[in-house]
Amino acid sequence: MPCEAKPRFLVLYGSQKGQAQSIAEGIAEEAEDHGLVAELSCLNQNEKYNLEKENAPVVFIVSTTGDGEPPDNALQFVKRIKKKTLSTDHYKHLCYALLALGDTNYENFCNCGKTIERRLQELGAKQFYATGYADDGVGLEVVVDPWLEGLWKAIKGALSKMASDRTDVQLNLLTSPAGSPMLASQSHATASVTTSAPETQTGDVGVPHDALAASLTCSLPPLSESSLNVPALPSPYLDVSLQDMDIMEPVRNDAVPIYRAVQMTRGDSVKTSLLLELDISANPMMAYQPGDSFDVFCPNRATEVEDMLHRLGLQDQRNHHVHVSLKKDTRKKGAQVPSHIPQNISLLYLLTWCLEIRSVPKKAFLRALVEHTGDSVQRRRLQELCSKQGATDYNLYVRDSNLSVLELLAAFPSCWPPLSLLIGQNPCCYLTHSCLKHPGKLHFVFNVVEFPACSGRPAGRRGLCTGWLFDLINPGLVFPGKPECSGSRALPKIHVSLRPYCSFRPPSDLSVPFIMVGPGTGVAPFIGFLQQREKERQENPEAVFGETWLFFGCRHRDRDYLFREELEGFVSSGILNHLKVCFSRGDEQEQGEKEITTSVARPRYVQHNLLLNSQYITEILLRQNGCLYVCGDAKNMAKDVNDTLIEMIKTELQVDQLEAMKRLAGLREEKRYLQDIWG
Ligand SMILES: Cc1cc2nc3c(=O)[nH]c(=O)nc-3n(C[C@H](O)[C@H](O)[C@H](O)COP(=O)(O)O)c2cc1C
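Residues numbered from 1 in each chain as written. Predicted model: local features only at pLDDT ≥ 70, side-chain atom pairs only at ≥ 80, totals over all residues.

Engineer: Help me understand the site of the ligand, please; the structure alone is not making it clear to me.
Structural biologist: Taken together, 25 residues surround the ligand, and among them Ser15, Lys17, Ala20, Ser63 and Gly102 come closest. Listed by contribution, the elements that provide at least two residues to the shell around the ligand are helix H1 (19–30) and strand S4 (95–102). Broken down by class, the residue content of the shell around the ligand amounts to eight nonpolar, 13 polar and four charged. (Near = placed C-beta within 6 Å. Helix = DSSP H or I, 4+ residues; strand = E, 2+ residues; numbered from the N terminus. Nonpolar A, V, L, I, M, F, W, Y, C, P; charged D, E, K, R; others polar.)

As structure tokens, this is what we get:
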């Protein structure tokens, strides 16, 4: 009997760190079990596939990197499909499904996936399965697992529809992960199991419910009485064993000395901003440019490591060798032993350097904890916190309170998670900041983060890394005007590493005008930009230089106006053409603003000053091909600046909201609107 060829489909991936790639490889491997043949390629291997002629379903798995950029191995593909010369029926024959990986902690969530999807649709391709947007910020598996489960039925549906529609290539297959019809816009795949409220009332252990207010450990009706949609249990994927044996611990060679430390804010300022100067002269690997970011690796606090050892019941095994391996039978797609866990380490080293005891627990982690919690009331509360219905409580008591894993475990004493769970959920700790330039030195500026007391945290505390840096240099702190600090004592060292990717750079064409928006410590990279401009002016005295604008903001002129002298110096020497400063507290007003501000309220925040200068800003951005850079807080400032820019474009071009948003998105795509934001 002749053997019938198995139906085929394509799997194309774009992946920076390997997660999208292993999901794609997992699909290709599983295809045979479903009687299908998968042809797997990386998006940039365009010699291996031909979408122009493809008549089988295509499955895209793509992540996003940088500031909303495609992974390196998808760049060429994205460039190709963005070509304006392609006609709107270029991919009319194509039917596709797409899984986008991203992280909601970044401004441009799943931007690469969204860009590819938008272009595929503009070019006539038809979607046969709702797009999944997986969020690494809460755990990819929450979306990836159900998306993969529904994929096979959708591919088979697409294949049979294509077979029966051979003469009419009009594909109109939209299938939900469960296989029922679904609209393309309803594209967030979620898996859930429903659990009911327990028979007993929920509340703090052993305390009657009506005596309590809601808190981290206690919920009130309606939540305490409602049925819950809880995410599917993440598949365990690591085996961790502890062995009593001698080990040679790894020696870190990325330490650089802190050469100088300066407190940039006055003692009575609400925030403490510090400038650190690192001596990198002996470390040629650290060559950097203005705007670059780097990671600072800091150890967890010894007291917290001790608490964690006790909390896990492992205090007697602190010096044991930790062996981490992949579970043989794991169902987790793309599972890997985390790369930040070196070989040959003790438990103490692991808890000190490789786990973030302070990280905010993700919902998938809370879900996994449920399985290791003895007390039914505490179990129920953990289920609530990771459920759809408990989202407000999660945000309030966990995310917005910056609750740490350790604080969470302290609040749920009947929870005894295995070490493997902590390793699987928590990356090693880091902090990034933009820096500025001096030969052989690396400068960076940061605020010492303060977290107030909250439910689950009886007393306020400092941020892990900024608090650690503060303690490290505090005895030698120097205040503005007293430049010496290191003195005779040994210079403390810290571990740093340059981030490999950076697009936050001043325009390479010197004639391009640019606008910088950087309140608070967000001004730091712009000092680097302006220093670079100063050097370029010295080297090219004849060149034509584009205008430079800087919008800075702080609370008080005399307490937290960072780099005031430097900025005023740049203005006097003509390096910085326009410096617009605003103060959010007190009655201070920046000189030179008076004539503009008489008819409007005093500008308090950078966006107010942008608005006051709208005419110039829009001229630079919309007519002079200029660039705009924003650095600083993501949640409030960057969002407000973005909204203000939309308003300015609307007024200037007399267009509606949608059109203005499109214009701004266009600037972003052209890399003329760049952000380096956090929070
Ligand atoms: C340096 C870096 C930059 C990132 N930038 C973004 C981003 O702009 N938008 C986003 O949604 N996710 C961003 N992510 C998150 C990744 O897309 C996410 O972690 C994804 O799972 C990585 O998949 P990959 O291993 O296949 O690259 C970034 C991750 C890293 C490490």
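Engineer: What is the right way to look at the nonpolar core in this model?
Structural biologist: What tends to happen in soluble globular proteins is that the nonpolar side chains get buried as a cluster. Formed by 92 residues in total, the largest nonpolar core has its most connected members in Val11, Ala24, Val59, Phe60, Ile61, Val62 and Tyr96. For this core, the element with the highest residue contribution is helix H4 (residues 141–164), accounting for nine residues. Setting aside chain neighbours within four positions, we find phenylalanine 60 in contact with Leu12, Tyr96, Leu98 and Ile116. Leu442, Met516, Phe552 and Leu567 belong to the second-largest nonpolar core, a separate cluster that totals 66 residues. (Core = buried A, V, L, I, M, F, W, Y, C linked by C-beta atoms within 7 Å. Buried ≥ 20, exposed ≤ 12 C-beta atoms within 10 Å, placed from the backbone. Contact = placed C-beta atoms within 7 Å.)

Engineer: Honestly, the packing of helix H5 (residues 302–311) against helix H6 (residues 347–354) in this entry has me stumped. Any pointers?
Structural biologist: A pair of packed helices can be characterised by two numbers: the angle between their axes and the separation between those axes. Contact geometry of H5 with H6 gives a least axis separation of 10 Å together with a crossing angle of 125 degrees. By the angle class used here, H5 and H6 are oblique. Between H5 and H6 the crossing geometry is right-handed. Contact residues: H5 offers Val305, Met308 and Leu309, while H6 offers Leu348, Leu351 and Thr352. Taken together, the residues of the contact of H5 with H6 sort by class into five nonpolar, one polar and no charged. (Axes fitted to C-alpha atoms, helices over the stretch in contact; angles between N-to-C directions. Parallel < 35°, antiparallel > 145°, perpendicular 65-115°, else oblique. Left-handed = near helix turned anticlockwise from the far one by under 90°.)

Engineer: Please explain the environment of proline 231 as it appears in this structure.
Structural biologist: You can see proline 231 is positioned in strand S7 (residues 228–231). Judged by C-beta crowding, with 25 C-beta atoms within 10 Å, proline 231 ranks as buried. In the structure, proline 231 is positioned 132 residues away from lysine 363 in sequence and 8.2 Å away in space, judged by C-alpha atoms.

Engineer: Would you mind going over the pairing of strand S18 (residues 493–498) with me for this structure?
Structural biologist: Along any regular strand the residues' side chains alternate between the sheet's two faces. Examined bridge by bridge, strand S9 (residues 255–263) and S18 share three bridges and lie antiparallel to one another. Bridge assignment links proline 257 to a residue of S18, and that residue is lysine 493. With four bridges joining them, strand S11 (residues 293–297) and S18 adopt antiparallel strand pairing. Looking at S18, one finds that aspartate 295 is bridged to serine 497. (Pairing = 2+ DSSP bridges.)

Engineer: I tried to follow the sheet that holds strand S20 (residues 548–554) on my own but got confused; where do I start?
Structural biologist: Strand order in this open sheet of five strands is S21-S20-S19-S22-S23, and the pairing throughout is parallel. Each edge of the open sheet is held by one strand with a lone partner, namely strand S21 (578–583) and strand S23 (673–678). When strand polarity is set aside, the average angle formed by the axes of neighbouring strands in this sheet is 10 degrees. Bridging between strand S19 (residues 514–517) and strand S22 (residues 627–633) involves four bridges; their strand directions are parallel. Bridge assignment links methionine 516 to a residue of S22, and that residue is tyrosine 629. Across the sheet, helix H18 (residues 634–653) is in contact with S19, S22 and S23; its angle to S22 comes to roughly 155 degrees.

Engineer: I would appreciate a short explanation of the sheet that holds strand S3 (residues 58–62) in the present structure.
Structural biologist: Each strand in a sheet pairs with another by means of backbone hydrogen bonds, the pair being arranged parallel or else antiparallel. Across the sheet, five strands lie side by side as S2-S1-S3-S4-S5; this open sheet has parallel pairing. Each of the sheet's edge strands pairs with one partner strand only, and the pair in question is strand S2 (37–42) and strand S5 (126–135). Adjacent strand axes in the sheet meet at a mean angle of 15 degrees, parallel and antiparallel pairs treated alike. Relative to S4, S3 is paired through five bridges, and the arrangement is parallel.

Engineer: I would appreciate a short explanation of H1 in the present structure.
Structural biologist: In an α-helix, one full turn covers 3.6 residues, which means residues spaced three or four apart are oriented alike. With twelve residues, H1 should reach 16 Å at 1.5 Å per residue; the first-to-last C-alpha distance of 17 Å fits that figure. For H1, every residue scored as buried is listed here: Gln19, Ala20, Gln21, Ile23, Ala24, Ile27 and Ala28. (Expected span 1.5 Å × (residues − 1).)

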